[in-house]
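For reference, the chains in residue letters:
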Amino acid sequence: MRSTPVRLPPFQRLLDEHGAALHRYCLAQAGPDHGPDCFQETVLAALTAYPKLRDASNLRSWLFTIAHHKIVDHHRRQARRPRPVPELAAVDGAPATTGPVSGLDLGGGELWAAVGELPEKQRGAIALRYLADLPYADIAAVLGCSEAAARQSVRAGLTRLRTEVSR
Amino acid sequence: MTPTRDPLVDALRAAATGDLAADLDAAIERAERDGLVDIGYEVTDSPVGPLFVAVTDAGVVRVGFAREPVDAVVEELAARVSPRVLRSPRRTDEVRRQLDEYFAGRRDRFEVGIDWRLTRGFRRTVLERLYAEVPYGRTVSYRELAMRVGNPAASRAVGSAMATNPIPIVVPCHRVLRSGGHLGGYGGGLPAKRLLLALESGEAPLL
């Protein structure tokens, strides 16, 4: 049975089912300036690899793994630049994209800055959990860690974000 | 879908909203430029109902009437041609424009490439002959078409070639009738066949 060629669904269906979550994930990870680029890079990389894919059992986690690599590459590129986190500097004084949130009085720019300051693993785990709505098994697969570690990253990241924004 | 009502999480989701449609469109445009889209499809309105149109690098590969669910046709294309199937107004634009002109009575032949790969053998031979030799406004019987491909006893096989034509309208199986002028069958339904024949005979301006 293993040797039967995989039956890949039309790529359009992947976009219909996961496109919106993928887009939210990229924006949360790379910010409003670079998120769209990361999203496009992910779609192109996925299309390139798709016909040769040998395992179609979890296409969502396959897609998000590609996106995660794009995001990691993006942050590495940013880190090599003279200013350590330019996208945060850029949004620092930008008008808030969200209004005050009940009890938090949180603007979008401020929130981006706080998210950007999270350790990579925590930011990734939070984005996969709450922006992409992935189950912990898939988050662990994308991040290359155990489910327990994925849960721990989400918890730690949320705690840290809450402290940052309630200051 | 939202796993929690945490205001922090709500704020994160609200902040992470951008223009998905625009970003997706830009991605697909780049993918097409890079040759990563093997089939582009779109559904277009016509006097015979919504028409599914799919185009590859070689040309039109599939036209479908509304009675075939789009999802099923797209699945079929993914399995038989390539899984890199994407909705694409750009890729299908030229064919859809020519279909519009055809239905407006301003076009009597299609100037598009044809990708024949969804048909083969005898059926393909018959369809290619039909496409090349039976022009706008003419009709032919199943038996006559069988004779033209050198197999006069094969009218039944010609009938099944028409019934399985992957590119109706462009490859004009509506021009094939039973002997004696009876309509015969049609994948898009007999009202559609009648309408196409009326259009081509100049009886009924459609638009």
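Considerations on the overall build of chain B
- Scanning chain B from terminus to terminus reveals 8 helices and 6 strands.
- Traced from its N-terminal end to its C-terminal end, chain B shows the element sequence α-α-β-β-β-α-β-α-α-β-α-α-β-α.
- On C-alpha atoms alone, chain B measures out to a radius of gyration of 21 Å, which is more than a quarter above the 17 Å that the 2.2 N^0.38 rule sets for 207 residues.
- With the C-alpha coordinates aligned to their principal axes, the bounding extent of chain B is approximately 75 × 35 × 30 Å.
- Sorting the 207 residues of chain B into buried and exposed places 37% on the buried side.
- Put simply, 60% of the contacts in chain B that link residues at least 6 apart link residues at least 24 apart.

Focus: the overall build of chain A
- Of regular secondary structure, chain A possesses 7 helices and 0 strands.
- Seen in sequence order, chain A has helices and strands lined up from the N terminus as α-α-α-α-α-α-α.
- For chain A, the share of sequence-separated contacts (at least 6 apart) that also reach a separation of at least 24 residues comes to 67%.

Some remarks on the interface of chain B and chain A
- Contacts between the two partners involve 33 residues from chain B, matched on the other side by 41 residues from chain A.
- Elements with a minimum of two residues in the side of chain B that touches chain A: α1 (7-15), α2 (20-33), α3 (70-80) and β4 (85-87) of chain B.
- Looking at which element gives the most residues to the side of chain B that touches chain A, the answer is α1 of chain B, with 9 residues.
- When grouped by side-chain class, the residues that make up the side of chain B that touches chain A number 23 nonpolar, 2 polar and 8 charged.

Examining α1 of chain B
- All of the buried residues along α1 of chain B are Leu8, Ala11, Leu12 and Ala15 of chain B. Down the axis of α1 of chain B, the buried side of the element spans an arc of 100 degrees, and every buried residue falls inside it.

Digging into the pairing of strand β1 (residues 39-44) of chain B
Residues and elements named next belong to chain B.
- When β1 meets β4, the two strands line up parallel, connected through 3 bridges. Paired with glycine 40 across the two strands is leucine 86, which belongs to β4.
- Of the pairings in the sheet, the one linking β1 to strand β2 (residues 51-56) comprises 5 bridges and is antiparallel in character. Considered in β2, the bridge of valine 43 is made with phenylalanine 52.
- Two successive antiparallel strands, β1 and β2, enclose a turn made up of 6 residues, where glycine 49 displays a positive phi of approximately 95 degrees.

Remarks on the environment of leucine 22 of chain A
All names here are of chain A.
- Here leucine 22 shows up in helix α1 (residues 11-49).
- Assessed through the 27 C-beta atoms surrounding it within 10 Å, leucine 22 is described here as buried.
- Residues leucine 22 and alanine 46, spaced 24 residues apart in sequence, show a C-alpha to C-alpha distance of 12 Å.
- Setting aside residues up to four positions removed in sequence, leucine 22 forms contacts with Phe39, Thr42, Leu63 and Ala67.

What to know about the domain arrangement of chain B
Residue and element names in this part refer to chain B.
- Assigned domains of chain B: these are domain 1 (19-103) and domain 2 (121-200).
- One C-alpha centre belongs to domain 1, the other to domain 2; they are set 25 Å apart.
- When the residues that make up the side of domain 1 that touches domain 2 are grouped by side-chain class, the tally is 5 nonpolar, no polar and 2 charged.

Things to note about the sheet that holds strand β3 (residues 59-64) of chain B
All names here are of chain B.
- The sheet built from 4 strands is open, its strands ordered β3-β2-β1-β4 with mixed pairing. Only two strands of the sheet have a single partner each, and these edge strands are β3 and β4. Averaged over all pairs of adjacent strands, the angle between their axes in this sheet comes to 25 degrees, without regard to strand direction.
- Along the sheet, helix α4 (residues 89-103) makes contact with β1, β2 and β3, crossing β1 at roughly 45 degrees.

Side note on the environment of serine 61 of chain A
Residues and elements named next belong to chain A.
- As for its position among the elements, serine 61 is in helix α2 (residues 59-80).
- Each C-alpha atom of the pair serine 61 and arginine 13 lies 15 Å from the other, and the pair is 48 residues apart in sequence.
- Excluding its chain neighbours within four sequence positions, the residues that come into contact with serine 61 are Asp138, Ala141 and Val142.

Points about unusual backbone geometry
- The phi angle at aspartate 133 of chain A is positive, at roughly 60 degrees, despite the residue not being glycine.
- You can see aspartate 133 of chain A is positioned in the loop between α5 (120-131) and α6 (136-143).
- Residue class for aspartate 133 of chain A comes out partly exposed when judged on the 18 C-beta atoms lying within 10 Å of it.
- For isoleucine 169 of chain B, which is not a glycine, the phi torsion comes out positive at approximately 75 degrees.
- Turning to its location among the elements, isoleucine 169 of chain B is positioned in the loop between α7 (155-163) and β6 (176-177).

Definitions and limits used
Residues numbered from 1 in each chain as written. Chains lettered and ligands numbered in written order. Predicted model: local features only at pLDDT ≥ 70, side-chain atom pairs only at ≥ 80, totals over all residues. Helix = DSSP H or I, 4+ residues; strand = E, 2+ residues; numbered from the N terminus. Rg over C-alpha atoms; globule rule 2.2 N^0.38 Å. Buried ≥ 20, exposed ≤ 12 C-beta atoms within 10 Å, placed from the backbone. Contact = placed C-beta atoms within 7 Å. Nonpolar A, V, L, I, M, F, W, Y, C, P; charged D, E, K, R; others polar. Arc of directions from axis to C-beta. Pairing = 2+ DSSP bridges. Domains from an automatic or database assignment. Axes fitted to C-alpha atoms, helices over the stretch in contact; angles between N-to-C directions.

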